[in-house]
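Tertiary structure, described
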Amino acid sequence: MDSLLKVKVIPNGPLLVTGTFEVEKPDGEKEAREGSTYLCRCGQSGKKPYCDGTHRKAGFEG
Ligand code: FES
């Protein structure tokens, strides 16, 4: 089932979302995403809602 949106929880890191979807930001702006997208789970990214790798420096566990 290729059209199935997949979400993988990366240990101590982001959510890896694979598929086609849309992100709606707090200001209402919508962004189409396709392929692999890493969504921040630690809350420390400077590019929220996307992961920028800061979780490693922050020592995020979860
Ligand atoms: S999960 Fe990577 S910066 Fe937050």
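Residue numbers restart at each chain and count upward from 1, following the sequence in its written direction. For a predicted model such as this one, the threshold for reporting local features is a pLDDT of at least 70, and the threshold for listing and counting side-chain atom pairs is 80 or more; totals across whole chains, interfaces and linings nevertheless cover every residue. Side-chain metrics rest on all non-hydrogen atoms present in the structure, leaving aside hydrogens and water.

So, the sheet that holds strand β2 (residues 15–24)
Short version of the rule: Note on pairing: DSSP must find at least two bridges between two strands before they are called paired. Per the convention used, a helix needs a DSSP run of H or I reaching at least four residues, while a strand needs a run of E reaching at least two, with both numbered from the N terminus. Lines fitted to C-alpha atoms define the axes, with helix axes restricted to the stretch in contact, and inter-axis angles between N-to-C directions lie between 0 and 180 degrees.
Reading across the sheet, the three strands line up as β1-β2-β3 and stay open at both edges, with antiparallel pairing between neighbours. Edge strands, defined here as strands with exactly one partner in the open sheet, are β1 (6–9) and β3 (30–39). On average, each strand axis in the sheet is inclined to that of its neighbour by 30°, with strand direction left out of account.

Remarks on the nonpolar core
Across soluble globular proteins, nonpolar side chains have a tendency to be buried as a group. Under the convention used in this document: The definition of a nonpolar core used throughout is a set of buried Ala, Val, Leu, Ile, Met, Phe, Trp, Tyr and Cys residues joined through side-chain atoms within 4.5 Å. Relative accessibility thresholds used throughout: buried, under 20% of the residue-type maximum; exposed, over 50%; partly exposed, between the two (1.4 Å probe, protein chains only). The contact criterion used is simple: two residues touch if any of their non-hydrogen atoms lie within 4.5 Å.
In terms of nonpolar packing, the biggest core is built from five residues, these being V17, F21, V23, L39 and Y50. If one sorts the elements of this core by residue count, β2 sits on top with three residues. When near neighbours in sequence (up to four residues on either side) are disregarded, V17 contacts L5, K6, V7, G35, S36, T37 and L39.

Quick notes on the pairing of β2
The sheet contact formed by β1 and β2 spans four bridges and is antiparallel. Following the sheet pairing, K8 is matched in β2 by L16. The hairpin formed by β1 and β2 contains five residues between the paired strands, and N12 there has a positive phi angle of roughly 60°. Both β2 and β3 contribute to a ladder of ten bridges, which runs antiparallel.

Quick look at the pattern of salt bridges
Counted only if it meets this: One speaks of a salt bridge when a side-chain nitrogen belonging to Lys or Arg is within 4 Å of a carboxyl oxygen belonging to Asp or Glu.
Tallied over the full model, the rule gives two salt bridges. The salt bridge involving E31 is made with K25; its shortest N-O contact spans 3.2 Å. Note that R33 and E31 form a salt bridge whose closest N and O atoms lie 2.9 Å from each other. Several salt bridges share partner residues, and in doing so they unite K25, E31 and R33 into one network.

Focus: the side chain of S45
As a reminder of what qualifies: For this analysis, a polar contact is any N or O atom pair within 3.5 Å, provided that within protein one partner can donate a hydrogen and the other can accept it, and provided that sequence-adjacent residues contribute only side-chain to side-chain pairs.
Tracing the backbone through its elements, the reader meets S45 in the loop between β3 and α1 (54–58). There is a polar contact of 2.9 Å between the side chain of S45 and the backbone nitrogen of K47. Dropping the residues within four chain positions of it, S45 is found in contact with C40, Y50, C51, D52 and T54.

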